[in-house]
Amino acid sequence: MKTFHRPLISLIAAAALCVVSGTAAARTFRSADVHSKEFPTNMAVKYMGDELSKSTNGKDNIKVFGDSALGSEKDTVEQVKIGAIDMVRVSLASFNGIVPESMIPSFPFIFRDLAHFRKAIYGAEGDKILASFDKAGFIGLAMYESGSRSMYAKKPIKSVADMKGLKIRVQPSDLAVAMVTAMGASPAPMPMAEVYSGLKTGLVDAAENNIPSYEEAKHYESAGIFSETMHVMTPEVVVFSKKVWDTLTPVEQAGLRKAAKASVAYYVTLWDAKEKDAKAAVLKGGAKIIPAAEIDKASFVNVEKPVWDKFATTPELKALVQEIVNVK
């Protein structure tokens with residue numbers, strides 16, 4: 001009897017030794033996304049997984065579940081919080097009610113141009129925003145640009161005066177509502193899936209988004225004039241579950257951070273190509289683009305500063321706003 005149990009005891013002891021020494025089993029982390037597998041966000045997270053696999057000699061990897069296979073952005077954020085899903089890619093706006101710092105990059109006209117955005121978000125200010133997710137139960141791994149959001153309607157929108165009287169679809173966000181209200185229009189919060197029919201039936205007069213989304217959702221069929229107001233540059237964010245993160249070894253954690261950082265440059269290349277292709281597609285589909293050079297940007301900027309004050313309500317948030325503004 002004593003001899004029969006000795007191998008089992010030895011196996012248990014060996015397993016315990018592995019745990020104590022920090023040796024972890026192979027892991028395939030599940031990542032959620034609402035976009036198709038060919039969309040740049042999914043391709044970038046897949047690249048992240050490839051880099052992670054290389055650095056761990058094939059032990060760890062990431063499997064991407066696109067096309068909302070694991071749920072909506074809201075659902076998947078909640079699942080990541082409890083550790084049911086390892087990680088997720090969503091718009092930074094999805095965290096506005098959870099992580100106050102996540103609102104700042106969505107402030108209208110906080111970025112002068114794309115170069116300013118990249119220096120801030122891919123630099124120290126972006127790292128500060130990512131670090132702020134920790135206190136909410138998430139680990140911020142990376143942010144990806146998502147282009148400039150611009151207005152599109154049946155008419156050109158060249159100044160804030162052109163917004164008066166329009167009913168504009170916005171993301172279900174207090175910040176988005178305040179932004180459009182400040183422009184003199186009526187905000188209509190609405191899920192993305194309902195915007196196509198809303199524009200077609202006249203439920204809303206206009207909407208705002210980046211040009212790849214304008215093309216992908218075929219909104220140009222009902223709102224054929226895309227005016228490059230470039231009012232917001234809300235980035236995407238990739239976050240990891242803190243519950244799961246705390247079970248990983250320091251080596252695994254470092255591997256994930258390194259792979260996430262490497263994925264950013266890869267993503268930027270994909271996104272640049274996506275924007276170029278989308279612009280060509282909407283023009284071919286009959287849309288007209290009003291270039292940024294023809295937009296009275298100052299008229300928009302002047303009415304939006306109070307929105308910054310409304311949402312940057314603490315000294316820390318105000319300081320972060322100023323840090324971003326000061327980036328040269």
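None of these values were measured; they are calculated from a predicted model.

Reading guide: rules and limits
Residues numbered from 1 in each chain as written. Predicted model: local features only at pLDDT ≥ 70, side-chain atom pairs only at ≥ 80, totals over all residues. Heavy atoms only, no water. Pairing = 2+ DSSP bridges. Helix = DSSP H or I, 4+ residues; strand = E, 2+ residues; numbered from the N terminus. Right-handed = clockwise from strand over helix to strand, strands pointing away. Phe/Tyr/Trp six-rings, centres within 6.5 Å; stacked < 30°, edge-to-face > 60°. Buried < 20%, exposed > 50% of the residue type's maximum accessible area, 1.4 Å probe, protein only. Lys NZ or Arg CZ within 6 Å of the ring centre and 35° of its normal.

### What to know about the pairing of strand β1 (residues 27-32)
For step 1, the next point in the chain: The pairing of β1 with strand β2 (residues 60-65) spans six bridges and is classified as parallel. Along β2, the bridge assignment pairs A32 with F65.
For step 2, the next point in the chain: Assessed by its sense of winding, the connection that carries the chain from β1 through helix α2 (residues 40-55) to β2 is right-handed.
For step 3, the next point in the chain: As paired elements, β1 and strand β3 (residues 87-91) share two bridges and run parallel to each other. Paired with S31 across the two strands is M87, which belongs to β3.

### Description of the packing of aromatic side chains
For step 1, the next point in the chain: Here the structure, examined in full by the defined rule, presents 16 aromatic pairs.
For step 2, the next point in the chain: On the numbers, 4.3 Å between centres and 15° between planes, the contact of Y144 with Y267 is stacked. Remark: Y267 occurs in helix α10 (residues 250-284) and Y144 occurs in strand β4 (residues 138-144); sequence separation between them is 123 residues.
For step 3, the next point in the chain: Here Y144 falls in the buried class, since its relative accessible area comes to 0%.
For step 4, the next point in the chain: Judged by its relative accessible area of 0%, Y267 falls in the buried class.
For step 5, the next point in the chain: Taken together through their ring pairs, the aromatic side chains of F39, Y144, Y267 and W271 make up a single cluster.
For step 6, the next point in the chain: Positioned above the aromatic ring of F65, the side-chain terminus of R30 is 5.8 Å from the ring centre.
For step 7, the next point in the chain: It is K305 that lies over the ring of W308; its NZ or CZ is 5.2 Å from the centre.

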